[in-house]
Every structure is written in C-alpha cells, then in structure tokens.
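# Notes for the structure review
These are the residues of each chain, in order.
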Amino acid sequence: LTNCKATGFFLEFNLENLPFNKCLITNNHVLDNEYFKVNNEIKFDYKGKEEIIQINNRKKFTNQDLDYTCVEIFDSDNITQFFHINPQLLTNNLNIFLNKDIFILQYPKGGDFSFSDGRIISIDNNNNIIHNCSTLQGSSGSPIILRYDLSIIGLHYGAFNADKSKNNISFNLSTSIISIISDLIKI
C-alpha cells in the first residue's frame, strides 16, 4: 500500500458462507472506517507498478479488535496472484502449529520486498499468533505463511520490543486467519 507504507496481500478464500471469495487484506490500523469515509480508492504496488482500486461499490469489512480490513476484489481487477488457505487449517486447533516454521513476506518501511523466516512461538486463544520473524515498521498487514504447505496462517499486526539492555526477547504478533474468517462469517 503506497500511501501509508504498510503491506497487504490478496487472498482467495474458496469457502462457503463468506461475503466474498477474493479480497485485499491488511490491518485495521492501516485501512479503517475513517479511511473509507474520506477516500474512494486504494493505491498499491502490484508487480512493480502502482495500481489503483476504486472502493465505492465494494464490500469492505474492518475489525479494530482483530486488527484486520478486507476489501472485496472483482475478477475485472486483473489481480492474478492470490494467497490461499488450506481448508484443513480451519478444522484444526492452531496449537498443533506451535514451533512450526513460518515466513513473512513484507515491504518494511515501505521499501523493497523482503522475506523473513522464523517459528510460531505461542498461540493465544486462537486470536494471536506470536512469532519470531524479523519485521520492521511497514510490515503491518503482511501474511504469515506456514512453510510446509505455503498456506496463510495469520496477518501480522505488530511487534513487542522489550528492553534490550536487560536481554529481554522481542517478538511479533499476528491475528490468526481462523479468527478473521470466523468474524467474516458472522457478517
């Protein structure tokens, strides 16, 4: 996303009971209801060039508590690269993914595309995934991807950086994709 120096990605659900099948997904703190009140488009870098999506007649859902925003994508938008969700992920307890290898795709500080790998450290009530991938400001809205099957497991939203002088560990936070889907089904 070019104006706010954050990351977002395109997701195709292929699931029943959702208000749409394809969306642009990022964080609520990146695109919130206030953004939609004063803006009628989203500018973003896609395949190396700036693209614009007019947002007026699209379904838009945002949740401050889960820190996500989804904007419907139409087939006519010519977006060709979508991430997917492994349907088995939706039937399992996320705790089976503890210590699993993951990676994050991001545009830290609004700069060049970056890749960072790590592990899932902890999962809190199926809402927050705590991971140790390296991130910087601007990584908000990045996909958290399971390495073994390349499926989306979470949406990165922030970091907790402890006092390094006391040798405290820093970690990153993500909302699980299961929580986002569960919230969208309620709409």
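The coordinates are above.
Okay, so let's go over this structure. What you see is a predicted model, and the numbers here were worked out from it, not measured in a lab. (Residues numbered from 1 in each chain as written. Predicted model: local features only at pLDDT ≥ 70, side-chain atom pairs only at ≥ 80, totals over all residues. Heavy atoms only, no water.)

### Let's talk about the sheet that holds strand E7 (residues 83-84)
This is how the line gets drawn: Each pair of strands is called paired provided DSSP finds at least two bridges between the two strands. Each helix corresponds to a stretch of at least 4 residues labelled H or I by DSSP, and each strand to a stretch of at least 2 residues labelled E; elements are numbered beginning at the N terminus.
In space, the five strands of this open sheet follow the order E5-E6-E2-E1-E7, with mixed pairing throughout. The two strands at the open ends of the sheet, each matched to only one other strand, are strand E5 (60-63) and E7. With four bridges connecting them, strand E1 (residues 9-12) and strand E2 (residues 22-26) associate as antiparallel partners. Considered in E2, the bridge of Phe-9 is made with Ile-25.

### Examining helix H2 (residues 177-186)
We apply this condition: Residue burial is assigned from relative accessible area. The probe radius is 1.4 Å, only protein chains are included, and a residue is buried under 20% of its type maximum, exposed over 50%, and partly exposed in between. What makes two residues a contact is simply this: any of their non-hydrogen atoms within 4.5 Å.
In terms of burial, H2 is a largely internal element, seven of the 10 residues being buried. For H2, the complete set of buried residues consists of Ile-177, Ile-178, Ser-179, Ile-180, Ile-181, Asp-183 and Leu-184. In the core, the buried residues of H2 are packed alongside E1, E2, E5, strand E6 (68-72), strand E12 (152-160) and strand E13 (171-176).

### What about the pairing of strand E4 (residues 49-54)?
Bridge count between strand E3 (residues 41-46) and E4: six bridges; the pairing is antiparallel. Looking at the pairing, Phe-44 lines up with Glu-51 of E4.

### Focus: the nonpolar core
Generally speaking, soluble globular proteins have nonpolar side chains that are buried together. Stated precisely, the cut-off is as follows: Nonpolar cores were defined as sets of buried Ala, Val, Leu, Ile, Met, Phe, Trp, Tyr and Cys residues, with membership established by side-chain atoms within 4.5 Å.
Membership of the largest hydrophobic core comes to 34 residues, with the highest contact counts inside it found for Leu-11, Phe-13, Ile-25, Leu-89, Ile-153, Ile-177 and Leu-184. Secondary-structure elements contributing two or more residues to this core are E1, E2, E6, strand E8 (101-106), strand E9 (114-124), strand E11 (143-146), E12 and H2. With five residues, the top contributor of residues to this core is H2. If sequence neighbours within four positions are ignored, Leu-11 has contacts with Asn-21, Lys-22, Cys-23, Ile-25, Phe-82, Phe-83, His-84, Ile-85, Ile-152 and Ile-177. Judged by nonpolar contacts, the second largest core, of 16 residues, contains Leu-24, Leu-31, Phe-44 and Ile-53.

### Some points on the pattern of salt bridges
Note the cut-off: We define a salt bridge as a side-chain nitrogen of Lys or Arg found within 4 Å of a carboxyl oxygen belonging to Asp or Glu.
Within this structure, the stated rule accounts for six salt bridges. Among the ionic pairs, Asp-77 bridges to Arg-58, the shortest N-O distance being 2.7 Å. Of this pair, Asp-77 sits in the loop between E6 and E7 while Arg-58 sits in the loop between E4 and E5, and the two are 19 residues apart along the sequence. On the basis of relative accessibility, which here comes to 10%, the residue Arg-58 falls in the buried class. In this structure, the salt-bridge partner of Arg-147 is Asp-117, at a minimum N-O distance of 3.6 Å. On the criterion of sequence distance, the pair formed by Arg-147 in the loop between E11 and E12 and Asp-117 in strand E9 is long-range, its members being 30 residues apart.

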